[in-house]
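Listed here are the chains, written in short residue letters.
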Amino acid sequence: MSAHCDIPVSWLRLEQFHLGELDVQTARVIGAHVDGCPGCRHCLDSIENDTYVLPPLPVFERREWGARVRTWMYRPAPLALSAVGILLITVLPVYLAVFGTTHWRSDVVPPSTMAVKGGVVEITSERNRDGEVTTNPTTYTSRDRFHLTLTCPFVGDVRYDVAVFQGDAVFFPMGNEQSITCGNEVPLSGAFALTGNEETTVCVMVFPDEMDVSRTSIRTGGIDALPLLSVCTMLSPEEI
Amino acid sequence: MDIYRRYGPALVRKCTRMLGNIQDAEDIVQGLFVDLLKKGKDNVDLPYLYRAVTNRSLNCIRNRNRRRQLLGDQCRSSAHPQNEGYEYYYFSREALTRLVAVLDKKSTEIMVYRFCDNMTQEEIAQLTGYSRKTIGKKLAGISQKAEHIFKDAPLVNNGNGRRL
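Residues numbered from 1 in each chain as written. Chains lettered and ligands numbered in written order. Predicted model: local features only at pLDDT ≥ 70, side-chain atom pairs only at ≥ 80, totals over all residues. Heavy atoms only, no water.

(A) Main features of the overall build of chain B. For chain B, the count of helices and strands is eight helices and zero strands. The secondary structure elements of chain B, listed N-terminal to C-terminal, are α-α-α-α-α-α-α-α. Scored against the burial criterion, the 164 residues of chain B give a buried share of 52%. In chain B, once contacts between residues fewer than 6 apart in sequence are set aside, the share between residues at least 24 apart is 69%. About 7,900 Å² of surface is accessible on chain B, with carbon and sulfur atoms providing 46% of the total. (Helix = DSSP H or I, 4+ residues; strand = E, 2+ residues; numbered from the N terminus. Buried < 20%, exposed > 50% of the residue type's maximum accessible area, 1.4 Å probe, protein only. Contact = heavy atoms within 4.5 Å. Areas by Shrake-Rupley, 256 points an atom, 1.4 Å probe, with all protein chains shown as cover.)

Below, the structure written as structure tokens:
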């Protein structure tokens, strides 16, 4: 049997077949063809077995009070635009003077998922407790080991750093100069354990444009000093 | 947005075949749906969306810098390993990039449907509204241009050798 046919089923038809959007007769004809043609079968298999996960559409992102997050925006009507413009001119200087422009406020912990142009930046944590692995746990004990993965859409390698906030202290459990090639749930090298009995926030800072933030400034400024492109997860101590 | 969830993966697959890069494919697909949202347009079907992303992907390819990068990628790998043995069904991105530079917009669009999407002339006519006669003439023109371009610089992955 030849590996290909003279008139392959088009990719559009195969997608419609996969979605169940063809009329009964057409679907029957295509199904019969695919069953007898290894090449078209290969193409349909590549659709049916595709494990690709569609990123969320970065349009409607809930704004958190006090946080400055990049979003896609609707183009407002001219009148609304004028009102927004007036508001910005009068309120923005005051806001910027009080809260700054590029960092998170201390009463707003960055979320674990952030929509950006091209996809999302997301932190996923895995807790290994005596061999039992839990994804995105909410608690910790001193015998747990944590691994992190990062989802990011940027092209090429990006630098990152991990900061752990406990009370007034901040730790950097991973080495310096870490970088990864973006993708879905890319493992960050290294693991860490948490001691103590305080609420803990684990954050990954991503630096796609090489403008990274120094550890010194984060030791001094805490969560306030985290760059905008930071994603965090929170862990509570377990009562033993 | 339901149609995004339903048709997004199919459109990303299509754009990735044309551009060879999933990030660019996602950009194009998301850009399309953002525009549709802005216009409040959600009663569209897959053929309509297929055509829309085809034209957006072609615009991307036409960009001079993108063409250089695509050709660079093509030099490093001619075909995805999982498609080895099935190159017949996958049009060479090098061929696509070179032909986009010399064909008019209508011809380029028809070429994509014929060679990247494996559509018959009848399907192309249904999708685009172009007459069969126009499609036949354009394909003949594409054949001539391709022969002229590739006679001195053969493709690594011959545009699947199917008849026009």
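(B) Main features of helix 1 (residues 2-19) of chain B. Residues and elements named next belong to chain B. The terminal C-alpha atoms of helix 1 lie 25 Å apart, and with 18 residues this matches the ideal 26 Å at 1.5 Å per residue to within 8%. At glycine 8, helix 1 shows its maximal bend, which comes to roughly 45 degrees, and the proline proline 9 appears one to four places after that position. Across the 18 residues of helix 1, 14 count as buried, placing the element largely inside the fold. Note on helix 1: the residue one or two positions beyond its end, glycine 20, has a positive phi of about 75 degrees. (Expected span 1.5 Å × (residues − 1). Bend = angle between axes of the 7 residues up to and from the residue.)

(C) Broad picture of the state of the cysteines. Residue and element names in this part refer to chain A. Within this structure, the stated rule accounts for two disulfides over all chains. Here cysteine 203 pairs with cysteine 232 through a disulfide, and the sulfurs are 2.0 Å apart. With the S-S bond torsion at 110 degrees, the cross-link from cysteine 203 to cysteine 232 turns out right-handed. Of this pair, cysteine 203 sits in strand 10 (residues 200-207) while cysteine 232 is found in strand 11 (residues 230-237), placing the two residues 29 residues apart along the sequence. (Disulfide = S-S within 2.5 Å.)

(D) Looking closely at the packing of aromatic side chains. Considering all chains together, one arrives at two aromatic pairs over all chains under this definition. Both rings, one in phenylalanine 146 of chain A and one in phenylalanine 192 of chain A, keep their centres 5.8 Å apart while their planes meet at 20 degrees; by these two values the pair is stacked. Taken together, the residues span a long stretch of sequence, with phenylalanine 146 of chain A in strand 5 (residues 145-151) and phenylalanine 192 of chain A in the loop between strand 9 (186-187) and strand 10 at a distance of 46 residues. Each member of the pair, phenylalanine 146 of chain A together with phenylalanine 192 of chain A, is buried. Centre to centre, the rings of tyrosine 4 of chain B and phenylalanine 33 of chain B are 5.1 Å apart; their planes meet at 70 degrees, and the pair counts as edge-to-face. Taken as a pair, tyrosine 4 of chain B in helix 1 and phenylalanine 33 of chain B in helix 2 (residues 22-38) lie far apart in primary sequence, 29 residues in all. (Phe/Tyr/Trp six-rings, centres within 6.5 Å; stacked < 30°, edge-to-face > 60°.)

(E) Broad picture of the pattern of salt bridges. Per the counting criterion, the structure on display carries 18 salt bridges over all chains. Among the ionic pairs, arginine 13 of chain B bridges to aspartate 50 of chain A, the shortest N-O distance being 2.9 Å. With one member in each of two chains, arginine 13 of chain B in helix 1 and aspartate 50 of chain A in the loop between helix 3 (38-48) and helix 4 (78-99) form a pair that bridges those chains. Under the relative-accessibility criterion, aspartate 50 of chain A is labelled partly exposed at 31%. Residue glutamate 122 of chain B pairs with arginine 132 of chain B through a salt bridge whose shortest N-O separation is 3.0 Å. Taken together, the positions of glutamate 122 of chain B in helix 7 (residues 121-128) and arginine 132 of chain B in helix 8 (residues 132-150) put the pair 10 residues apart, joining distant regions of the chain. (Salt bridge = Lys/Arg side-chain N within 4 Å of Asp/Glu carboxyl O.)

(F) Just the packing of helix 1 (residues 11-19) of chain A against helix 1 of chain B, in detail. Contact pair helix 1 of chain A / helix 1 of chain B: the axes reach a minimum separation of 11 Å and the direction vectors enclose 155 degrees. Of the possible angle classes, the one that applies to helix 1 of chain A and helix 1 of chain B is roughly antiparallel. By crossing handedness, the relation of helix 1 of chain A to helix 1 of chain B is classed as right-handed. The segment helix 1 of chain A lies against helix 1 of chain B, with Trp11, Glu15, His18 and Leu19 of chain A engaging Arg6, Tyr7, Ala10, Arg13 and Arg17 of chain B. In terms of residue class, the contact of helix 1 of chain A with helix 1 of chain B is made up of four nonpolar, one polar and four charged. (Axes fitted to C-alpha atoms, helices over the stretch in contact; angles between N-to-C directions. Parallel < 35°, antiparallel > 145°, perpendicular 65-115°, else oblique. Left-handed = near helix turned anticlockwise from the far one by under 90°. Nonpolar A, V, L, I, M, F, W, Y, C, P; charged D, E, K, R; others polar.)

(G) View of the nonpolar core. In this structure, Leu11, Phe33 and Leu96 of chain B are the most contacted members of the largest nonpolar core, which totals 65 residues. Take this core: its biggest share by element is nine residues, from helix 1 of chain B. In this structure, leucine 96 of chain B is in contact with Met18, Ile61, Phe91, Met111, Val112 and Cys116 of chain B, ignoring residues within four places of it in sequence. In terms of nonpolar packing, the next biggest core, distinct from the first, is built from 27 residues, Cys152, Val162, Val164 and Cys182 of chain A among them. (Core = buried A, V, L, I, M, F, W, Y, C linked by side-chain atoms within 4.5 Å.)

(H) Examining the environment of glycine 183 of chain A more closely. Residues and elements named next belong to chain A. Take glycine 183: it is sitting in the loop between strand 8 (178-181) and strand 9. Remark: the alpha-carbon pair of glycine 183 and leucine 150, spanning 33 residues in sequence, is separated by 7.8 Å. In this view, glycine 183 contacts Leu150, Thr151 and Cys152; residues no more than four positions away in its chain are not counted.

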